[in-house]
Amino acid sequence: MAWIACLNMLWLAFTLLGGVVFGVGPATAAAHVLVRRRIRGDGAKLVRSFVREYFGHFAKGNALGVPVLLVLAVLALNWNYFSAAPDLGSQFAAIGILLAALIAVGAACHLFPMYARYELPLPKYLVMSPRFALRHLAGTAVLLLVTAAAIFACGVVPGLIPFFGIGAWLYLTGWLCDRFFTANDEEMAGKLAEGAGVADTLLPGSQ
């Protein structure tokens, strides 16, 4: 719990350091790199490691984080516009946008854990995360439920935000994604061993 609380405060501090828009991506990338190491039993000092990973992944974290923020902002603005209109067409459009937003959030939940685990060209993370989210809908649903629960808990008890709300979400989603990716890698490795054609695989090498 102390480790999660410290991760939470570091994420908030370094997100603010980057002016939020240019801080959230590197902070999230650094957090998931350290969550993955923690899951694997690495007990390195958190503060020093977070600072190093934040600045080390600053450019790549923004290359992934800024497009996600833009997509979510566009979806939110369009949903607000269409949901406020009374006509039936606008209401159907609002429902479609809501579904797209759920897919986008599910993909975003996979994005940075995928970045922390795999060595891929940057654009491929943005392609693979939604594809993985759609291929593994059960896991994506679990991540969405965890995200919704974290938002609800922070809304009911705002005092969780500075200490546990975000850090617990980062740790839990990172832990879950690590299990999902491991299961997927084992499945793909089995298909390759059997000689089956696997065109879309997450086996370029784990970091």
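Look a little higher up for the structure.
The rules behind each value
Residues numbered from 1 in each chain as written. Predicted model: local features only at pLDDT ≥ 70, side-chain atom pairs only at ≥ 80, totals over all residues. Heavy atoms only, no water. Axes fitted to C-alpha atoms, helices over the stretch in contact; angles between N-to-C directions. Helix = DSSP H or I, 4+ residues; strand = E, 2+ residues; numbered from the N terminus. Parallel < 35°, antiparallel > 145°, perpendicular 65-115°, else oblique. Contact = heavy atoms within 4.5 Å. Patch = residues over 30% accessible without salt bridge, like charges linked within 9 Å, V, L, I, M, F, W, Y side chains within 5 Å. Areas by Shrake-Rupley, 256 points an atom, 1.4 Å probe, with all protein chains shown as cover. Salt bridge = Lys/Arg side-chain N within 4 Å of Asp/Glu carboxyl O. Left-handed = near helix turned anticlockwise from the far one by under 90°. Nonpolar A, V, L, I, M, F, W, Y, C, P; charged D, E, K, R; others polar. Disulfide = S-S within 2.5 Å. Buried < 20%, exposed > 50% of the residue type's maximum accessible area, 1.4 Å probe, protein only. Arc of directions from axis to C-beta.

### Focus on the packing of helix H5 (residues 88–117) against helix H7 (residues 137–156)
No. 1: Between H5 and H7, the least distance of the axes is 9 Å, while the angle of their chain directions is 95°. Taken together, the axis directions place H5 and H7 in an arrangement best described as roughly perpendicular. Touching Leu102, Val105, Gly106, Cys109 and His110 of H5 are Thr140, Leu143, Leu144 and Thr147, all from H7.

### Points about a nonpolar patch on the surface
No. 1: Together, Trp79, Leu88, Phe92, Ile95, Leu98, Leu99 and Leu102 give the surface a local cluster of nonpolar side chains, amounting to about 720 Å² of exposed area.
No. 2: Per element, the largest residue contribution to the nonpolar patch is six residues, and it comes from H5.
No. 3: Within the secondary structure, Leu102 is located in helix H5.

### What to know about the packing of helix H4 (residues 58–84) against H5
Angle between the axes and distance between the axes are the two parameters that describe a pair of packed helices.
No. 1: The contact between H4 and H5 brings their axes to 9 Å, and the two run at 165°. Taken together, the axes of H4 and H5 are roughly antiparallel relative to one another. Viewed along their axes, H4 and H5 form a crossing whose handedness is left-handed.
No. 2: Residue classes in the contact of H4 with H5 are distributed as 19 nonpolar, six polar and one charged.

### Here's the deal with the state of the cysteines
Throughout this description, disulfide means a covalent bond between two cysteine sulfur atoms.
No. 1: Considering all chains together, one arrives at zero disulfides under this definition.
No. 2: Of all cysteine sulfurs, the one in Cys109 lies closest to Cys154, which takes part in no disulfide; the gap is 14 Å.
No. 3: Free cysteine: Cys177, not disulfide-bonded; nearest cysteine sulfur from Cys109 at 7.0 Å.

### Regarding helix H3 (residues 46–56)
Three- or four-residue spacings in an α-helix give side chains the same orientation, since the helix completes a turn every 3.6 residues.
No. 1: Inspection of H3 places Leu46, Ser49, Phe50, Glu53 and Tyr54 among the buried residues, and these make up the whole buried set. Within H3, the buried residues cover an arc of 130° as seen down the axis, which keeps them to one side. Residues of H3 that are exposed and angled more than 90 degrees away from the buried face: Arg48, Phe55 and Gly56.
No. 2: Those residues of H3 that are buried are in contact with helix H1 (2–17), helix H2 (24–39) and H4.

This is a description of form; function is not addressed.
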